[in-house]
Amino acid sequence: MDLNPTVDAVTSRIVARSREARSRYLDKIGRAAEGGVKRAHLSCGNQAHAYAAMGEDKDALVAERAPNIGIVTAYNDMLSAHQPFKDYPDRIKAAARAAGATAQVAGGVPAMCDGVTQGQTGMELSLFSRDVIALASGVALSHNTFDAAMYLGVCDKIVPGLIIAAATFGHIPAVFVPAGPMVSGLPNYEKAKVRQEFAAGEVGRDKLMEAEMASYHGPGTCTFYGTANTNQMLMEFMGLHLPGASFVNPGTPLRDALTEAATERAAAITALGNDYRPAGHVLDEKAFVNGIVGLMATGGSTNLVIHLPAMARAAGVILDIEDFNDLSGVVPLMAKVYPNGLADVNHFHAAGGLGYMIGELLDAGLLHPDTVTIAGDGLAAYAREPKLRNGGLVWEDGAENTLNDKILRPARDPFQPTGGLKELKGNLGRSVMKVSAVAPEHHAIEAPAQVFHCQDDVKTAFKAGAFTSDCVIVVRFQGPRANGMPELHGLTPTLSVLLSRGLKVALVTDGRMSGASGKVPAAIHVAPEAAAGGPIAKVRDGDLVRVEATTGTLEVLEAGFEARDPVVADLSDNEVGLGREMFAAFRAGCGLASDGAGVVV
């Protein structure tokens, strides 16, 4: 199948836009790769420090003939998704020895849980934790003793931060290793129903707690299709996981076999062998286009509209919101996974999963088939799925047909003919809306604005009965420069209740909503943000606002709006407490949300 003309045109546009930055990047990693194994350039004292605790691996490390793999781990046992990583280093070291290589834990990186910090002060550090993770990974790899790196991470900011580091150290191969989703518990739609009942005062906190604990109940990634699972999808579409690795449950023989195989692959693709695959060559323009196509086909998290541009910049690739919008216009929505449907990621995987989807998109000409991946040349390998046969790991052809068309459909007969994301722009700035879960009747609204500077004030107004007619709720000073751009996912139950009461309601914010934002029409990531004097800071209560996904419109319909002075808010409450004082430089130095809100890129 010939490549879709829009996919081809968007890719060409990205290549042209990135030409200078990508050329500088490739030159940089090319120079870094010169001279062979970096351990050979260390002094004997340098090396003795690096190998002192390595026991039986010392001789192999000193000989410098065996590949040495650096493990960067985001393990902690507060995140269910990362708890399985506890034993991975020992398994990786054993697999490395068996493959004639060595492995060392190069360093650990922080990994916070947005599920714990939702609606809490700690969420104001969440987005910036991505850059901290990138920096911490850089410190880990700065010892310059590694021929490849294995990155153990899953959740929201962790994978993007690790990708920024992998691209920065793009002269060595990078293999990403997932832990898999927890087994299914209380269905996500039932959990959401209880949340709405609690928001409406119909059930008590005891019932809410019971539902939450039944939903988030064991090791592994949360089972809804939020940012964490969207990250895992991206790693396959971009060729950084082994094929089919994303959604295998923790603690299973197949999961262990995939971790061992990932180690073998990391050892095989270093510059010491005959199949050198540096991360910087995997992370090219085509790989990022394939990632965006996967985001649209699955209806993935809007957070990746911030993360992907930041990840790409680290590899000298410049993405723009228009790229997401144009690809969304030609990529069919093939999956219905909560919050876009009732199924969870385990059901999606059982229905055919990423292997089926990649095969369909390749056949439809919607993916670049000729990318470089850690598994080999070309994306076709990712249409296959791993199996254990006679005690060994093999890859077999994936499902030719969907095994549940209520969850996963072919590209020729999708749930929707276009993807799940729209760019909205106008005199309020630029923003995005995830429309894959929003009912068509809510795609457009023209209503008076009700303006807030805090999500808690919206909840207070709701409890006071302030929302009795159609309205556009504007929540501003929630961008990265204001307070770190926390997710406003805590507003979802409240706004869902208003929708259920028959009101037309939309959210406009310079903050974020997570991959679980669901059915609420939300124009998010508005840029420039209010704290930078953006137009959203000029909106007044009662202004008529037009939010329309169909035409991509985000406008205030008031004469003289552009001439108004922006409101300046007192943000001093966001500057101290729970570590926020340490992040003042991050708030002051981050870029626009439309460019990835980056600090280190």
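Residues numbered from 1 in each chain as written. Predicted model: local features only at pLDDT ≥ 70, side-chain atom pairs only at ≥ 80, totals over all residues. Heavy atoms only, no water.

### Considering the environment of Tyr25
Thought 1: Among the secondary structure elements, Tyr25 is positioned in helix α1 (residues 5-33).
Thought 2: By relative accessible area, which is 5% here, Tyr25 ends up buried.
Thought 3: For the pair formed by Tyr25 and Glu190, sequence separation is 165 residues and the distance between their alpha carbons is 48 Å.
Thought 4: Excluding its chain neighbours within four sequence positions, the residues that come into contact with Tyr25 are Ala167, Gly170, Gly280, Ala314, Ala315 and Gly316.
Thought 5: From its side chain, Tyr25 meets the backbone oxygen of Ala167 in a polar contact 2.5 Å long. (Helix = DSSP H or I, 4+ residues; strand = E, 2+ residues; numbered from the N terminus. Buried < 20%, exposed > 50% of the residue type's maximum accessible area, 1.4 Å probe, protein only. Contact = heavy atoms within 4.5 Å. Polar contact = N/O pair within 3.5 Å; in protein donor to acceptor, adjacent residues only side chain to side chain.)

### A short note on the packing of aromatic side chains
Thought 1: As enumerated under the stated definition, the model contains seven aromatic pairs in all.
Thought 2: With a centroid separation of 5.0 Å and 90° between ring planes, the pair formed by Phe85 and Tyr88 is classed as edge-to-face. Like Tyr88, Phe85 is buried.
Thought 3: Pairing Tyr151 with Phe176 gives two aromatic rings, centres 4.9 Å apart and planes at 20°, and the pair type is stacked. Of this pair, Tyr151 sits in strand β3 (residues 148-152) while Phe176 sits in strand β4 (residues 174-177), and the two are 25 residues apart along the sequence. (Phe/Tyr/Trp six-rings, centres within 6.5 Å; stacked < 30°, edge-to-face > 60°.)

### Focus on the pattern of salt bridges
It is possible for side chains bearing opposite charge to pair when their charged atoms get close.
Thought 1: Evaluated as defined, the whole model comprises 32 salt bridges.
Thought 2: Ionic pairing is found between Arg13 and Asp323, a salt bridge with its closest N-O pair at 2.9 Å. Taken together, the residues Arg13 in helix α1 and Asp323 in helix α15 (residues 321-328) connect sequence positions 310 residues apart.
Thought 3: Using a relative accessible area of 26% as the deciding quantity, one classes Arg13 as partly exposed.
Thought 4: Its relative accessible area of 0% is what places Asp323 among the buried residues.
Thought 5: Arg17 is the partner of Asp323 in a salt bridge, and the nearest nitrogen-oxygen pair spans 2.8 Å. (Salt bridge = Lys/Arg side-chain N within 4 Å of Asp/Glu carboxyl O.)

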